[in-house]
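# Breakdown of the fold
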Amino acid sequence: MKHKGRYGDFGGYYVPEVLLPALEEMEAAFEKWHGDAGFRAELERLLTDYAGRPTPLYRSPAVSDAVGCEVYLKREDLMHGGAHKLNNTLGQGLLAKYMNKHKLIAETGAGQHGLATATIGAMLGMEVKVFMGVTDIERQMPNVQKMKLLGAEVIPVRGASGTLKDAINEALRYWTSHVDDTFYLFGTAAGPHPYPTVVRHFQSVIGMETRAQCLEKLGRLPTLVTACVGGGSNAIGIFAGFIDDKDVQLVGVEAAGYGLDSGKHACTLQKGSVGVLHGARSYVLQDEHGQIIESHSVSAGLDYPGVGPEHCYLKDTGRARYVGATDEEVLDAFLFLTRKEGIFPAFESVHVIAWLLTQRGAFKPDDVIVVNLSGRGDKDVDAFIRYRPETVR
Ligand SMILES: Cc1ncc(COP(=O)(O)O)c(C=O)c1O
C-alpha cells in the first residue's frame, strides 16, 4: 500500500508500526468487499429501508430570496439519526461484520458520528466504545445520552481542549493496544490511508443522488455545490458527484470562529500549513515549531485543526475553494433557517447558509446552488438558547 492513499502530496499513513497490519487488513477488506454484489445489495437495503435514503432535495424559498438565486437543500438532516454520518457507519459497520470484528471504537466531536456508530452497533449486535472530548460532552449532551441509551460506552477525554482532536488521539492510543480484535470506525474523510478513501466512498452516495435529482428535477446540473468542512466527509461526499463536471463550482465552508484575524477559528485550509496530524499529511493549524494550535468553533463537529487530504488537493489544484463563516453569522443563520423555513439545522451545516447569506447579489437569478444540509440541530438547541436567551423570552 506504499503509494496508495495519496492526493497529490497529501494523505499517506504516518502511524505507529503496530497499526500498519490493521490498516492493511482494512484496505484489503475494503478492496475485496466494496464492489461485491452481495455487500452492495446489503448496504443498499440498509441505506433505503433503515436510514431513509434517498434524502430529498428541497428548494428553500427563504434562502433563495435572501441570496437572489435558486437555492436547494440536500436534506441529510432527515436521515435516521439526524446526520450524514450514518452513510459511513453503515458502510464501515458492514465491513467490520464481513471481517468478523465485533468490537467497534469511534471518536466523536458533535456526537453525530458517535451516535451513528452506537446506532449501527445496536442494530448489528456489536460492542461500541466512543471517545469524546469533555468540552464536547458538555455542549452536545443530547447525543451523549442517546449513545448511552443505545448501549455504547462514552469515554470522556480531557486533553488540551477536550474536543475532537483529543478524542481522535485517545481513540488511536486505545487502538494501538487493542488492534487484534477492534475495528476503528473512523468518522471523517481524514486520518491515515485507507480512511479518506473508504469514508469518501461511503459518503459519495450523497453526491451521486444529488446529481441524479438535479438532472431529474431541474433538467440541469447546479452552478455551485457547497458543504461545511470539518474533517471533510459530508463535503467530499457531495463533491464526489460533481468533481468531474468542471463547470460546477465547489465551495467548502470552514468554521471562522471569532473571525479569521482573531486567531480563534478552525479554518485549517485557509490558515493552516502543511504538516502531519492523525496519520496523514494535510493542512494543519500549527505554530512555527509544528505544535498544533487549538481550533475554536461554536460547532463541535467543525472544531478541528486538521482536514482530509483530498480537500487539501482540491484546494491546491483550484478545483474547490474554501471560505469561512463566523460563530455570530452561524447563530444568525440558525435562527434564520428555523424561523423562515421551520428547519433546525445543525450548527455545522448552517455554516453554509451563513456564508451564502453574505453572498446576496453574487449570483444570477437562474443560478442553482445546492447546499448539503448535513445534519439537524436538535443537539444544538440548548447551546443556541444559551448564546441567544432573548429569542425564547
Ligand atoms: C451534522 C454534521 N455536519 C458536519 C460535520 C463535520 O464533519 P465532516 O466534515 O466530516 O462532514 C459533523 C461532525 O460531527 C456533523 O455532525
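Owing to the predicted nature of the structure, the values given are computational and were not obtained by experimental measurement.

## Looking at the site of the ligand
Gln 112, Gly 230, Ser 233, Gly 301 and Gly 375 are the nearest of the 21 residues found near the ligand. For the shell around the ligand, the elements supplying multiple residues, two or more each, are α5 (112-124) and α10 (233-239). Tallying contributions element by element places α10 first for the shell around the ligand, with three residues. Residue composition of the shell around the ligand, grouped by class: seven nonpolar, 13 polar and one charged.

## A closer look at the sheet that holds strand β3 (residues 57-59)
Ordered in space as β3-β4-β14-β9-β10-β13, the six strands form an open sheet in which the pairing is mixed. Since the sheet does not close on itself, it has two edges, and those belong to β3 and β13 (320-326), each with one partner. Shown here is a sheet whose adjacent strand axes are inclined to one another by a mean of 30 degrees, direction ignored. As paired elements, strand β9 (residues 224-228) and strand β14 (residues 368-373) share three bridges and run parallel to each other.

## A closer look at unusual backbone geometry
Going from Arg 53 to Pro 54, the amide bond is cis rather than trans, its omega being 0 degrees. By secondary structure assignment, the location of Pro 54 is in the loop between α2 (37-50) and β3. The linkage connecting His 193 with the following residue, Pro 194, adopts the cis geometry, with an omega of 10 degrees. Take Pro 194: it is sitting in the loop between β8 (182-184) and α9 (195-218). Positive phi, close to 65 degrees, is recorded for Asn 100, a residue that is not glycine.

## Examining the pairing of β13
On a regular strand, each side chain points to the face opposite its neighbour's, so the side chains alternate between the two faces of the sheet. When you tally the buried positions in β13, you get six out of seven residues, the bulk of the element. In the sheet, strand β10 (residues 249-257) pairs with β13 via seven bridges, with the strands oriented parallel. Across the sheet, residue Gly 252 finds its bridge partner in β13, namely Tyr 322.

## Quick look at the packing of helix α13 (residues 327-341) against helix α14 (residues 350-357)
The geometry of α13 relative to α14 is characterised by a closest axis approach of 8 Å and an angle of 95 degrees between their N-to-C directions. The angle between α13 and α14 falls in the class roughly perpendicular. The segment α13 lies against α14, with Glu 329, Val 330, Asp 332, Ala 333, Phe 334, Phe 336 and Leu 337 engaging Val 350, His 351, Ile 353, Ala 354 and Leu 357. Considering only residue class, the contact of α13 with α14 consists of nine nonpolar, one polar and two charged.

## Things to note about the packing of α2 against helix α4 (residues 85-98)
Viewed as axis vectors pointing N to C, α2 and α4 meet at an angle of 140 degrees, and their least axial separation amounts to 10 Å. Judged by the angle between their axes, α2 and α4 are oblique. α2 and α4 meet at a crossing whose hand is right-handed. For the pair formed by α2 and α4, the contact residues are Phe 39, Glu 42, Leu 43, Leu 46 and Leu 47 on the first element and Asn 87, Leu 90, Gly 91, Leu 94 and Tyr 98 on the second. Class assignment for the residues of the contact of α2 with α4 results in seven nonpolar, two polar and one charged.

## Here we look at the domain arrangement of the protein chain
When its domains are assigned, the protein chain resolves into domain 1 (14-47 + 85-192) and domain 2 (52-83 + 196-392). On a C-alpha basis, the centroid separation for the pair domain 1 and domain 2 is 22 Å. Tallying the contact residues gives 36 residues for domain 1 and 44 residues for domain 2. Of all the elements in the fold, those that place two or more residues in the side of domain 1 that touches domain 2 are α4, α5, α6 (134-139), α7 (141-149) and α8 (164-177). Considering each element in turn, the side of domain 1 that touches domain 2 owes the most residues, six residues, to α4. A per-class count over the side of domain 1 that touches domain 2 returns 17 nonpolar, 15 polar and four charged.

Rules used in this analysis
- Residues numbered from 1 in each chain as written.
- Predicted model: local features only at pLDDT ≥ 70, side-chain atom pairs only at ≥ 80, totals over all residues.
- Near = placed C-beta within 6 Å.
- Helix = DSSP H or I, 4+ residues; strand = E, 2+ residues; numbered from the N terminus.
- Nonpolar A, V, L, I, M, F, W, Y, C, P; charged D, E, K, R; others polar.
- Pairing = 2+ DSSP bridges.
- Axes fitted to C-alpha atoms, helices over the stretch in contact; angles between N-to-C directions.
- Buried ≥ 20, exposed ≤ 12 C-beta atoms within 10 Å, placed from the backbone.
- Parallel < 35°, antiparallel > 145°, perpendicular 65-115°, else oblique.
- Contact = placed C-beta atoms within 7 Å.
- Left-handed = near helix turned anticlockwise from the far one by under 90°.
- Domains from an automatic or database assignment.

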